[in-house]
Amino acid sequence: MERSFIIIKPDAVQRGLIGEIIRRFEQKGLKLVGLKMLQVTREQAGRQYSCHLGRPFYDSLVQFMTSGPVCAMTVEGKNAINLVRKMVGATAPENAEPGTIRGDFAINVQNNLVHASDSAESVAHELPIYFSEQDLMKYDSALKDWFCKG
Ligand code: IDP
Ligand code: MG
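Keep in mind the model is a prediction, meaning the values are calculated, not measured. (Residues numbered from 1 in each chain as written. Chains lettered and ligands numbered in written order. Predicted model: local features only at pLDDT ≥ 70, side-chain atom pairs only at ≥ 80, totals over all residues. Heavy atoms only, no water.)

Trainee: Would you mind going over the site of ligand 1 in detail, with residue names and values included?
Mentor: With respect to spatial proximity, the complete set of residues near ligand 1 consists of Lys9, Tyr49, His52, Phe57, Leu61, Arg85, Thr91, Arg102, Val109, Gln110 and Asn112. With respect to ligand 1, the side chain of Lys9 contributes an N or O atom lying 2.9 Å from an oxygen atom. Between ligand 1 and the protein, one listed contact pairs an oxygen atom with a side-chain N or O atom of Arg85 at 2.8 Å. Across the complex, the protein chains shield 77% of the 530 Å² of accessible surface that ligand 1 would expose by itself. Considering only residue class, the shell around ligand 1 consists of 4 nonpolar, 4 polar and 3 charged. (Near = heavy atom within 4 Å. Polar contact = N/O pair within 3.5 Å; in protein donor to acceptor, adjacent residues only side chain to side chain. Areas by Shrake-Rupley, 256 points an atom, 1.4 Å probe, with all protein chains shown as cover. Nonpolar A, V, L, I, M, F, W, Y, C, P; charged D, E, K, R; others polar.)

Take a look at the structure:
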């Protein structure tokens, strides 16, 4: 089953949206296998966003991501990577469709509530920055036949 990596960013934690965001992924049928609150270090943020090094927003982004606690998550499901990106919505708030997390709750391009890996390569790069393999739960979901068949 495909894995995706998600961070509920500091703005969403401050706004009390952790539960709302987790609820959406759970109710979609994604299986939660990793969940932790942590304070992101500059080193972790730098590694996570290494592809954006040199962009005008990079320093501010690292500052933002390290400004307060976040909630890191790993979910599993069929086509989890693309599904999660779709549920998160477009980066720019004016492009994020209503019904998506950003479309429903974000108005600022930087403080856009959620990070989600955009490809299998991104998951392979980002997930190990925050989770070891032992951190991730291995279990059968009682609902797997409802969500995963076909
Ligand atoms: P993504 O999170 O939708 O994948 P990316 O382009 O990978 O978007 O950018 C990473 C993060 O950097 C965004 O989620 C947002 O927090 C921030 N960011 C992206 N573009 C801008 C910008 O133009 N101004 C300020 N911050 C930005
Ligand atoms: Mg990105």
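Trainee: A description of unusual backbone geometry should follow, citing residues and the corresponding values.
Mentor: Phi is positive for Asn79, which is not a glycine, with a value near 55°. Its place among the elements puts Asn79 in the loop between β3 (69-77) and α5 (80-88). The class of Asn79 is partly exposed, set by a relative accessible area of 48%. Its identity as a non-glycine residue notwithstanding, Leu113 has a phi of 75°, on the positive side. Positionally, Leu113 belongs in the loop between α6 (101-105) and β4 (114-116). When its relative accessible area of 0% is taken as the criterion, Leu113 is described as buried. (Helix = DSSP H or I, 4+ residues; strand = E, 2+ residues; numbered from the N terminus. Buried < 20%, exposed > 50% of the residue type's maximum accessible area, 1.4 Å probe, protein only.)

Trainee: Report on the environment of Arg42, specifying residues and quantitative values.
Mentor: Here Arg42 is to be found in helix α3 (residues 42-48). For the pair Arg42 and Arg15, spaced 27 residues apart in sequence, the C-alpha to C-alpha distance is 22 Å. In contact with Arg42, other than residues within four places in its own chain, are Val62 and Thr66. (Contact = heavy atoms within 4.5 Å.)

Trainee: Please give an account of helix α2 (residues 18-28) that cites residues and values.
Mentor: Residues of α2 that are buried include every one of Ile21, Ile22, Arg24 and Phe25, and no others. Along α2, the residues classed as buried sweep out an arc of 150° about the axis, all on the same side. Downstream of α2 by a residue or two, Gly29 has a phi angle that is positive, lying close to 115°. (Arc of directions from axis to C-beta.)

Trainee: Quick one: what's the story with the nonpolar core, residue by residue and with numbers?
Mentor: Ranked by internal contacts, the top residues of the largest apolar core, which has 22 residues, are Ile8, Ile21, Phe25, Met73 and Val84. Secondary-structure elements contributing two or more residues to this core are β1 (2-8), α1 (10-14), α2, β3, α5 and β4. Among the elements that make up this core, the one with the highest residue count is α5 (4 residues). When near neighbours in sequence (up to four residues on either side) are disregarded, Met73 contacts Ser4, Phe5, Ile6, Ile8, Ile22, Phe25, Leu32, Gly34, Leu35 and Phe131. In terms of nonpolar packing, the next biggest core, distinct from the first, is built from 21 residues, Phe64, Val70, Ala72 and Ile81 among them. (Core = buried A, V, L, I, M, F, W, Y, C linked by side-chain atoms within 4.5 Å.)

Trainee: Give me the pattern of salt bridges: which residues, what numbers.
Mentor: Pairing is possible between side chains that carry opposite charge, provided their charged atoms lie close to one another. Applying the stated criterion to the full structure yields 10 salt bridges. Linking Arg24 and Glu20 is a salt bridge whose minimum nitrogen-to-oxygen distance equals 2.8 Å. In this pair, Arg24 and Glu20 both sit in helix α2, 4 residues apart, roughly one turn of the helix. Judged by its relative accessible area of 15%, Arg24 falls in the buried class. Given a relative accessible area of 21%, Glu20 falls into the partly exposed group. Connected through salt bridges with shared partners, the residues Arg3, Lys31, Glu76, Glu133 and Lys138 form a single ionic network. (Salt bridge = Lys/Arg side-chain N within 4 Å of Asp/Glu carboxyl O.)

Trainee: Can you tell me about α5, naming the residues and giving the values?
Mentor: Restricting attention to buried positions, one finds in α5 the residues Ala80, Ile81, Val84, Met87 and Val88. Projected down its long axis, α5 carries its buried residues within an arc of 135°, all on one side. Exposed residues lying more than 90 degrees from the buried face of α5 are Asn82 and Lys86. Residues of α5 that are buried in the fold lie against β1, α2, β3, α6, β4 and α7 (120-130).

Keep in mind these numbers describe shape, not what the thing actually does.
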